[in-house]
Amino acid sequence: METKLKIAIQKSGRLYDDSIKLLKECGIDFSNGINKLKAEALNFPLEVFFLRDDDIPQYVEDGVADIGMVGENVVLEKNKKVKVIDHLAFGKCRLSIAIPKDKKYTGKNYLQGKRIATSYANVLSGFLKTNKINAEIHEISGSVEIAPSIGLADAICDLVSSGSTLFSNGLKEVEVILKSEAVLVANKSLGKKQNEILKKLQFRINSVKKSKKNKYILLNAPNKNLDAICDILPGMKSPTILQLADKGWSSVHSVVNENDFWGIIEKLKANGAQGILVVPIEKMIV
Ligand code: ATP
Ligand code: ZN
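What counts as what
Residues numbered from 1 in each chain as written. Chains lettered and ligands numbered in written order. Predicted model: local features only at pLDDT ≥ 70, side-chain atom pairs only at ≥ 80, totals over all residues. Heavy atoms only, no water. Helix = DSSP H or I, 4+ residues; strand = E, 2+ residues; numbered from the N terminus. Buried < 20%, exposed > 50% of the residue type's maximum accessible area, 1.4 Å probe, protein only. Contact = heavy atoms within 4.5 Å. Pairing = 2+ DSSP bridges. Axes fitted to C-alpha atoms, helices over the stretch in contact; angles between N-to-C directions. Disulfide = S-S within 2.5 Å. Domains from an automatic or database assignment. Buried area = accessible area lost by both parts, 1.4 Å probe. Donors = N, O, S within 2.8 Å, 3.2 Å for Na, K, Ca; no water. Tetrahedral: all angles 85-135°; square planar, octahedral: opposite > 155°, others 65-115°. Arc of directions from axis to C-beta. Near = heavy atom within 4 Å. Polar contact = N/O pair within 3.5 Å; in protein donor to acceptor, adjacent residues only side chain to side chain. Areas by Shrake-Rupley, 256 points an atom, 1.4 Å probe, with all protein chains shown as cover. Nonpolar A, V, L, I, M, F, W, Y, C, P; charged D, E, K, R; others polar.

Draft legend 1. Seen up close, the environment of N225. Tracing the backbone shows N225 in the loop between β12 (214–222) and α7 (226–232). The exposure class assigned to N225 is buried, which follows from its relative accessible area of 19%. A C-alpha to C-alpha distance of 64 Å links N225 and A153, two positions 72 residues apart in sequence. Each residue touching N225, except ones within four places of it in the same chain, is listed here: N271 and G272.

Quick look at the structure:
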């Protein structure tokens, strides 16, 4: 029987769409029915399990699943014996402490003796210990943000992305205790065959990730400025230069990173570049 790699992803929730999208961008086809627990990929030796995110670290530790996509926050909170092997660049959020808007925050010492409600008791307790703060942790499993208004706690420690949920509950963020994104976790003793499949999958994931961080750029450059323009554009090896029919001008093609994208565009324009086109890259194999 063909060996398959078993991957656990969130069944529904904030990580679901991006997890499915990433697998599909890796060229892996499977049918994902809402009520399904399991799906077989049609064109890659992969079996997909749909689970609650909280359960994924345990399933991966036990080897029920070989790998999983889950928030780093959950991995740290559950503290299971799994390896984090890749960051996936989605599901970005932070685990923060928030207090009522009208209170004056005076620094970490403000939290001494306070009651803090959270679903992340382990991570919070680590933070409190590190900072020598004596506070009472109230562990609750959901709707943490309403705890202060119903008198259950003085502060909360919860996941935040935009901050709008905090704001609409009359809270303000005062400490970030963890920055998190979705990660790929793996069982610590994968078999040789599973490892080979995992390497192929990671190769594809990295190609997709790189392609998202980079753009393909085409522009027309006056030949007298070609050297300066090529210095601005590193490219994968170096830029491609094609002679235009109009003598004195060339077409330059390259790949630029989104981080310094606008800076590069400005420098190119300052050096006489015209007709700049920027196109997304679907996959990037380096
Ligand atoms: P499940 O039903 O699978 O237990 P859940 O309700 O615990 O789901 P979600 O709210 O779907 O979890 O969040 C899943 C993960 O998405 C979080 O653990 C976190 O890593 C990430 N995430 C990103 N942004 C946010 C946010 N603003 N609030 C909560 N989680 C976020
Ligand atoms: Zn959950």
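Draft legend 2. Representation of the sheet that holds strand β15 (residues 274–280). Taken together, the 4 strands give an open sheet; going across it, the order is β13-β14-β12-β15, and neighbouring strands pair in antiparallel fashion. The sheet is open, and its two borders are formed by β13 (240–243) and β15, each paired with just one other strand. If you compare each strand with its neighbour and ignore which way they point, the axes differ by 20 degrees on average. In this sheet, β15 lies alongside β12 in antiparallel orientation, the contact comprising 5 bridges. Residue N220 lies in a different strand from β15, and its bridge partner there is Q274. Each of β12 and β14 (249–257) touches helix α6 (residues 192–213); the most contacted strand, β12, lies at about 40 degrees to it. Sheet strands touched by helix α8 (residues 261–270): β12, β14 and β15. Its angle to β15, the strand with the most contacts, is close to 160 degrees.

Draft legend 3. Looking closely at the state of the cysteines. Counted according to the given criterion, the structure contains 0 disulfides. A disulfide-free cysteine, C157 has its sulfur positioned 11 Å from the sulfur of C93, the nearest such atom. Classification of C157 as buried rests on a relative accessible area of 0%.

Draft legend 4. The domain arrangement of the protein chain, seen in detail. If you check the domain split of the protein chain, you get domain 1 (5–90 + 181–211), domain 2 (93–180) and domain 3 (213–280). For domain 1 and domain 2, the distance between their C-alpha centres works out to 30 Å. With 7 residues of domain 1 in contact, the opposing surface of domain 2 contributes 9 residues. Buried surface at the junction of domain 1 and domain 2, summed over both partners, amounts to about 690 Å²; 49% is from carbon and sulfur atoms.

Draft legend 5. Geometry of the coordination of the zinc ion (ligand 2). Here the zinc ion (ligand 2) is held by the protein donor atoms D53 (OD) and D54 (OD), which lie 1.9 to 2.1 Å from it. In this structure, the zinc ion (ligand 2) is coordinated by 4 donor atoms arranged in irregular fashion, with angles at the metal of 74 to 176 degrees. Classification of D54 as partly exposed rests on a relative accessible area of 26%.

Draft legend 6. Examining helix α1 (residues 16–25) more closely. All buried positions along α1 are accounted for by Y16, S19, I20, L22 and L23. Around the axis of α1, the buried residues are gathered within 160 degrees of arc, so they sit on the same side. As for α1, its buried residues are in contact with β1 (5–10), β3 (46–51), β4 (67–71) and α6. Taken from the residues just after α1, G27 is the one with a positive phi, measuring 80 degrees.

Draft legend 7. How the structure looks around the sheet that holds strand β8 (residues 136–139). Spatially, β8-β7-β9-β6-β10 is the arrangement adopted by the 5 strands of the open sheet, whose pairing is mixed. Pairing within the sheet leaves two strands with one partner each, and these edge strands are β8 and β10 (171–180). Going from strand to strand, the sheet's axes swing by 25 degrees on average, the running direction of each strand aside. Relative to β8, strand β7 (residues 115–118) runs parallel, the two sharing 4 bridges. Along β8, the bridge assignment pairs A117 with H138.

Draft legend 8. A look at the site of ligand 1. Taken together, 18 residues sit near ligand 1, with R14, D53, D54, N73 and S161 positioned nearest. Contact distances for ligand 1 include 2.6 Å between an oxygen atom and a side-chain N or O atom of N73. Coverage of ligand 1 by the protein amounts to 77% of the 640 Å² it exposes when considered alone. Broken down by secondary-structure element, the contributors of at least two residues to the shell around ligand 1 are α3 (72–78) and β9 (155–160). For the shell around ligand 1, the per-class residue count stands at 6 nonpolar, 7 polar and 5 charged.

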